[in-house]
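Here is what each chain is made of, one letter per residue.
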Amino acid sequence: MSPEQIVEAALFASQTPLSARELARADDALDARRVRVALDALRREYDEEGRAFQIYQLGDGFQILTRPEFAPYLERFDSVPRPPTLSRAALETLAIIAYRQPIGRIELEEIRGVASTSVLRTLQDWELIEVVGRGEGLGRPLLYGTSPMFLDHFALTSLGDLPTPEDLSIALVRPEVEAAARAAANESGHPGAPAGDGGPPRD
């Protein structure tokens, strides 16, 4: 078997993105460098042959996904998984968390001007955000940040790929969501990665 065949088989069989190091576990003759060479070869092959799918990098992993232009055809089938449809409130909350993380619920609600407990729970259920630590205030409130699923959902390699404040009017379609995200981005300085203490607390 060629490296391309092995890598392609592993990607087809996996329901989640796999890193180059994880893909290299498929065969003793593979390492991360050889995997990346195989990935590049497969991408060229898919482009040249006009395949309906391509290998996309999501976070630090790779996954074979249908090309976006085929989405209208797939929407006709109930059996095709669909990503969650984000409401205005969810988009607004997610934009603020993305640019201000780690952020607590109270600070989030001060920015939005409305209660956010329900939308936070929804975003956690969809695994788009996660608890990344605790604050230093009274009761040590939970701090929220984006999750690896957030990167996958928006096809981002890292948080550094988030739109800059100048690009938000293009990236976001709703003015109110753009305003919230722009304010968060401007106040945070648009960091490339979140600050925080690491993993979630253990209660």
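The structure we're discussing is the one just above.
Let us look at the structure shown here. (Residues numbered from 1 in each chain as written. Predicted model: local features only at pLDDT ≥ 70, side-chain atom pairs only at ≥ 80, totals over all residues. Heavy atoms only, no water.)

### Overview of the pattern of salt bridges
Counting across every chain of the model gives eight salt bridges. We note a salt bridge from Arg 34 to Asp 31, for which the minimum N-O separation is 2.9 Å. Since its relative accessible area comes to 38%, Arg 34 is described here as partly exposed. Accessibility expressed as a relative area gives 28% for Asp 31, which makes it partly exposed. With a shortest N-O distance of 2.4 Å, Arg 100 and Glu 107 are connected by a salt bridge. Three or more residues are tied together by salt bridges with common partners; here these are Glu 45, Glu 49 and Arg 51. (Salt bridge = Lys/Arg side-chain N within 4 Å of Asp/Glu carboxyl O. Buried < 20%, exposed > 50% of the residue type's maximum accessible area, 1.4 Å probe, protein only.)

### Here we look at the packing of aromatic side chains
Describing an aromatic ring pair means giving the distance of the ring centres and the angle of the ring planes. Enumeration according to the criterion identifies four aromatic pairs in this entry. Centroid distance Phe 12 to Phe 53: 5.7 Å. Interplanar angle 75 degrees. Geometry classified as edge-to-face. Linking Phe 12 in helix H1 (residues 3-13) with Phe 53 in strand E1 (residues 53-58), this pair joins segments that are 41 residues apart in sequence. On the basis of relative accessible area, Phe 12 is assigned to the partly exposed category, the value being 49%. Here Tyr 46 and Phe 53 contribute two aromatic rings whose centre-to-centre distance is 5.0 Å and whose plane-to-plane angle is 75 degrees, an arrangement assigned as edge-to-face. Assigned by exposure class, Tyr 46 and Phe 53 land together as buried. These aromatic residues form a ring-pair network of at least three members: Phe 12, Tyr 46 and Phe 53. (Phe/Tyr/Trp six-rings, centres within 6.5 Å; stacked < 30°, edge-to-face > 60°. Helix = DSSP H or I, 4+ residues; strand = E, 2+ residues; numbered from the N terminus.)

### As for the nonpolar core
Counting residues in each nonpolar core, the largest one holds 21 residues, and the members touching the most others are Leu 94, Leu 123, Ile 129, Phe 150 and Leu 162. No other element matches helix H5 (residues 88-100), which puts six residues into this core. Ignoring sequence-local partners within four residues, the contact set of Ile 129 consists of Leu 94, Ile 97, Leu 120, Leu 123, Gln 124, Tyr 144, Gly 145, Thr 146 and Ser 147. Among the nonpolar cores identified, the runner-up in size contains 17 residues, and Val 7, Leu 11, Ala 38 and Phe 53 belong to it. (Core = buried A, V, L, I, M, F, W, Y, C linked by side-chain atoms within 4.5 Å. Contact = heavy atoms within 4.5 Å.)

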